[in-house]
Amino acid sequence: MENVTLNNGLKMPMVGIGTFLLTPDEAESSVLNALKCGYRLIDTANAYVNEKAVGRAMKKSGLQRGEIFLETKLWPAFYEQQDAVEKTLKRLDTGYIDLLLIHQPAGNYIAGYKLMEKAYKEGKVKAIGLSNFNMEQMKEILAICEVKPAVLQTEVHPYFQEKELKRFLSNEGIMIQSWYPLGHGDKSLLQEPLFSKLGKKYGKSNAQIILRWHIQAGNIVIPGSKSPAHIQDNFDLFDFSLNQDEMEQISAMDQKKRYYTSTPEMLKRYAEMVPPVDEQK
Ligand SMILES: NC(=O)c1ccc[n+]([C@@H]2O[C@H](COP(=O)([O-])OP(=O)(O)OC[C@H]3O[C@@H](n4cnc5c(N)ncnc54)[C@H](OP(=O)(O)O)[C@@H]3O)[C@@H](O)[C@H]2O)c1
């Protein structure tokens, strides 16, 4: 397993399990499976409405809390609620969160950021960060923050590599974390002939080649999966490396092609949407 050290000294695994669109039962089973395979990073969110299930999987794993790096995200509807972090901790059934992110640059995200800074100072959260912020929005946070964001979680994959944003983040000492690392399962990305060729060379699947490229490119990854076989494969990445020429060939696949484009209308809807967090199993 490879780790990175965040800008406040906290160690974070480079590979974790994502839980977007997983029902509570699916999330519990995938997270438990992942922890059994050796994963130590879990990504969830208030809005995934599966935080209670993630908490159950952590308990069932038998691991000590300190062995797991738990990441979740505050949803805009909760940015101005003083007890939002406490309620998140309660759903996760844990005493602290390793990394808490502002999920969307929607609503009063400055208030949300300040809420996270307070939780950080109180020791309820070990690191804080942002998700789905562009460079301008990040600069706004950097201008007002007392605690610097440690991570930006955003869309990154071989078709959308965010090279300019990564240079900016690197200068600021902020790590990038990729969501949709496998293009959300898009077959045209997964079946790219280059990945098949490299897969044959290394005895790995195309998905494993993509994930290995992410790690070597400095992208923390959290592939999502309901499949025990995929969960196992997505963590079996540490016994081979791509060479410089292969890394460059994948770098040349960048098409600046997003699968998800945020609009002001969507952000407005996000700010108004209240996820049914209290109704989850
Ligand atoms: N911050 C945000 O706004 C945001 C947005 C989106 C996602 N995320 C986070 O990022 C995580 C990853 O994103 P994602 O789950 O949507 O997309 P992803 O990881 O790029 O792709 C997941 C898809 O790929 C398939 N897959 C997984 N491993 C595979 C393998 N080894 N071979 C072939 N197919 C494979 C999965 O199907 P199977 O179930 O069949 O394996 C699933 O359909 C999320 O779970 C979530 O934690 C955050």
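Residues numbered from 1 in each chain as written. Predicted model: local features only at pLDDT ≥ 70, side-chain atom pairs only at ≥ 80, totals over all residues. Heavy atoms only, no water.

## Things to note about the overall build of the protein
From N to C terminus, the protein includes 12 helices and 10 strands. Relative to the globule expectation of 19 Å for 281 residues, the C-alpha radius of gyration of the protein, 18 Å, shows essentially globular dimensions. Expressed as lengths along the three principal axes of its C-alpha atoms, the size of the protein is roughly 55 × 40 × 35 Å. Taken over 281 residues, the protein has a buried fraction of 54%. Within the protein, counting contacts between residues at least 6 apart in sequence, those at least 24 apart form 76% of the total. As displayed, the protein offers around 12200 Å² of accessible surface, 51% of which is attributable to carbon and sulfur atoms. (Helix = DSSP H or I, 4+ residues; strand = E, 2+ residues; numbered from the N terminus. Rg over C-alpha atoms; globule rule 2.2 N^0.38 Å. Buried < 20%, exposed > 50% of the residue type's maximum accessible area, 1.4 Å probe, protein only. Contact = heavy atoms within 4.5 Å. Areas by Shrake-Rupley, 256 points an atom, 1.4 Å probe, with all protein chains shown as cover.)

## Brief notes about the site of the ligand
Taken together, the neighbourhood of the ligand is formed by 27 residues, with Asp 43, Leu 182, His 184, Ser 225 and His 230 sitting nearest. Within the contact set of the ligand, an oxygen atom lies 3.1 Å away from a backbone nitrogen or oxygen of Thr 19. Phe 20 is positioned such that a nitrogen or oxygen atom in its backbone is 3.0 Å from an oxygen atom of the ligand. Taking 900 Å² as the accessible area of the ligand by itself, protein coverage stands at 84%. Of the pockets mapped on this structure, the ligand occupies the largest pocket. Residue classes in the shell around the ligand are distributed as 10 nonpolar, 14 polar and 3 charged. (Near = heavy atom within 4 Å. Polar contact = N/O pair within 3.5 Å; in protein donor to acceptor, adjacent residues only side chain to side chain. 1 Å grid on protein atoms, 1.4 Å probe; cavity = no way out; pocket = protein on both sides within 12 Å on 5 of 7 lines; lining within 4 Å. Sits in = over half its atoms within 2 Å of the grid points. Nonpolar A, V, L, I, M, F, W, Y, C, P; charged D, E, K, R; others polar.)

## Some words on the side chain of Gln 177
Structurally, Gln 177 is set in strand E9 (residues 175-179). Side chain to side chain, Gln 177 and Glu 71 meet in a polar contact 2.9 Å long. In this structure the side chain of Gln 177 is engaged in a polar contact, spanning 2.8 Å, whose partner is the side chain of Gln 153. Setting aside residues no more than four positions away along its own chain, Gln 177 makes contact with Met 12, Leu 41, Glu 71, Leu 101, Val 151, Leu 152, Gln 153, Thr 154, Ile 220 and Ile 222.

## Looking at the environment of Lys 124
For Lys 124, the position within the fold is in the loop between helix H4 (109-121) and strand E7 (125-131). With residues up to four places along the chain from it excluded, the contact list for Lys 124 reads Val 85, Glu 86, Leu 89, Gly 95, Tyr 96, Ile 97 and Ala 119. A polar side-chain atom of Lys 124 sits 2.9 Å from a polar atom in the side chain of Glu 86.

## Let's talk about the environment of Asp 83
Looking at where Asp 83 falls in the secondary structure, it is placed in the loop between strand E5 (69-74) and helix H3 (84-92). Judged by relative accessible area, Asp 83 falls into the partly exposed class, the value being 34%. Distance in space between the C-alpha atoms of Asp 83 and Val 54 is 20 Å, their sequence separation being 29 residues.

## So, the pairing of E5
For E5, the buried fraction is high: 6 of the 6 residues fall into the buried class. Along E5, one buried face is formed by Phe 69, Glu 71 and Lys 73 and the opposite face, lined by Leu 70, Thr 72 and Leu 74, is buried too. In this fold, strand E4 (residues 41-43) hands off to helix H2 (residues 51-61), which returns the chain to E5; that crossover is right-handed. Remark: the E5/H3/strand E6 (residues 97-102) crossover connection has right-handed handedness. (Right-handed = clockwise from strand over helix to strand, strands pointing away.)

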